[in-house]
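Take a look at the letters that make up each chain.
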Amino acid sequence: MDTTPLRAVALVCSLSPSPAPSSSQLLAEQTMAALSDHGVTGKTIRIADRNVLPGVKTDMGDGDDWPEIRDTVLGADILVLSTPIWLGHPSSIAQRVLERLDAELSETDDEGRLLTYGKVAAVCVVGNEDGAHKVSADLFQGLNDVGFTLAPGAVTYWVGEAMQGTDYLDLDEPPKATAQTTATLASNAAHLARRLKAAPYPPS
């Protein structure tokens, strides 16, 4: 069994800053805990707690916290992007993260590969309406466009009953299906990250 140490970072795209409770934060933390079962360490960053300026550059200038977050992402093997569903879409903060990641299309190593090549991405989605598949599809496309690789089962999610007010935070424990999906995400993401670490993509 490969036990190569791995690092992960979860970017939580809740619209609410800390210390407000967040279902997106909770599912991200549960995903990071599941990853830890596979020898993955790391941390969670709530983007609403930071000053991430709009734009499509790696550094938007004075007051921009993205360069520090970017360093953490580039230092990790796995990126977890966690978002609520709002009006059937990822949060505006998740969209901003994707826009900032767009700058990676201009950043390459000495062999012409994107710096994100060889890094694995996964997604967490929570909401009180249907749409988790649509939201994960949006995020999958964006993450893949900027160089991340997706393992099978790269999303874990929970959506409540339509037109009801229950949040994921309100549950006494994760539903069995969500917990199993989170475990599969962690197992597959860690496996893929180790394979890519051992055998990087060839230069194009």
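Since we're looking at a predicted model, the values are computed, not measured. (Residues numbered from 1 in each chain as written. Predicted model: local features only at pLDDT ≥ 70, side-chain atom pairs only at ≥ 80, totals over all residues. Heavy atoms only, no water.)

### Concerning the overall build of the protein
Heads up, the condition is: In DSSP terms, a helix is any run of H or I states spanning at least four residues, a strand is any run of E spanning at least two, and both are numbered starting from the N terminus. Atoms considered for the radius of gyration are the C-alpha atoms alone. The globule rule reads 2.2 Å times the number of residues to the power 0.38. In this scheme, a residue with accessible area under 20% of its type's maximum is buried, one over 50% is exposed, and one in between is partly exposed, where area comes from a 1.4 Å probe on protein chains only. Between two residues, a contact is recorded if the distance between any of their heavy atoms is within 4.5 Å. Here the Shrake-Rupley method, with its probe set to 1.4 Å, supplies the accessible areas, and only the displayed protein chains count as covering residues.
Within the protein one finds five helices and six strands. In the protein, the succession of helices and strands from N to C terminus is β-α-β-α-β-β-α-β-α-β-α. Its C-alpha atoms give the protein a radius of gyration of 16 Å, within 12% of the compact-globule value 17 Å for 204 residues. The principal-axis extents of the C-alpha atoms in the protein amount to approximately 50 × 45 × 25 Å. Per-residue burial for the protein yields a buried fraction of 44% across its 204 residues. For the protein, restricting intrachain contacts to residue pairs at least 6 apart in sequence, the fraction spanning at least 24 positions comes to 79%. A total accessible area of about 9900 Å² is found for the protein, and carbon and sulfur atoms account for 52% of it.

### What about the state of the cysteines?
For the record, the criterion: Only a pair of cysteine sulfur atoms within 2.5 Å counts as a disulfide in this structure description.
Going through the model one piece at a time under the given rule, you end up with zero disulfides. Distance from the sulfur of Cys13, which forms no disulfide, to the nearest cysteine sulfur (Cys124) is 10 Å.

### Some details on helix H4 (residues 132-145)
Worth spelling out the cut-off: The length a helix should cover is 1.5 Å for every residue beyond the first. Working definition: the arc comes from the directions between the helix axis and the C-beta atoms, pointing outward to the latter.
Relative to the 20 Å expected for 14 residues at 1.5 Å per residue, H4 spans 20 Å between its end C-alpha atoms, a close match to the ideal helical length. Here H4 has its buried residues at Ala132, Val135, Ser136, Leu139, Gly142 and Leu143. For H4, the arc enclosing every buried residue in end-on projection is 130 degrees, short of the 170-degree limit, so these residues lie on one face. Among the structural elements, strand E3 (78-86), strand E4 (89-90), helix H3 (92-101), strand E5 (120-127) and strand E6 (149-159) are those in contact with the buried residues of H4. Of the residues one or two after H4, Gly147 is the one with positive phi, at around 110 degrees.

### Looking at the environment of Gly39
Inspection of the secondary structure assignment puts Gly39 in the loop between helix H1 (23-36) and strand E2 (40-46). Of the residues examined, Gly39 reaches a relative accessible area of 39% and is grouped as partly exposed. A C-alpha to C-alpha distance of 24 Å links Gly39 and Glu68, two positions 29 residues apart in sequence. Discounting residues that sit within four places of it in the chain, Gly39 has contacts with Pro5, Leu6 and Arg194.

### Focus: a nonpolar patch on the surface
Applicable threshold: Candidate patch residues must exceed 30% relative accessible area and have no salt bridge, after which like charges are joined if within 9 Å and Val, Leu, Ile, Met, Phe, Trp or Tyr side chains if within 5 Å. Salt bridges, as used here, are contacts in which a Lys or Arg side-chain nitrogen is within 4 Å of a carboxyl oxygen on Asp or Glu.
Taken together, the side chains of Leu15, Trp86 and Leu87 present a nonpolar region at the surface, about 380 Å² in accessible area. Relative to the assigned elements, Leu87 resides in the loop between E3 and E4. Take Leu87: its relative accessible area is 78%, and that puts it in the exposed class.

### Thoughts on the packing of H3 against H4
Quick note on the threshold: Angular values range over 0 to 180 degrees, each being the angle between N-to-C directions of two axes fitted as lines to C-alpha atoms, with helices fitted over their stretch in contact. Angles are sorted into four bins: roughly parallel if under 35 degrees, roughly antiparallel if over 145, roughly perpendicular if 65 to 115, and oblique for all others. By convention the crossing between two helices is left-handed if the near helix lies anticlockwise of the far one by an angle smaller than a right angle, and right-handed if it lies clockwise. Throughout this entry, Asp, Glu, Lys and Arg are counted as charged residues, while Ala, Val, Leu, Ile, Met, Phe, Trp, Tyr, Cys and Pro are counted as nonpolar. The remaining residues, Gly among them, count as polar.
With their axes 9 Å apart at the nearest point, H3 and H4 run at an angle of 15 degrees to one another. In this view, H3 runs roughly parallel relative to H4, as classed from their interaxial angle. Here H3 runs over H4; the crossing is left-handed. In this structure, H3 uses Ala94, Leu98 and Leu101 to contact H4, whose residues at the interface are Leu139, Gly142 and Leu143. When its residues are assigned to classes, the contact of H3 with H4 shows five nonpolar, one polar and no charged.

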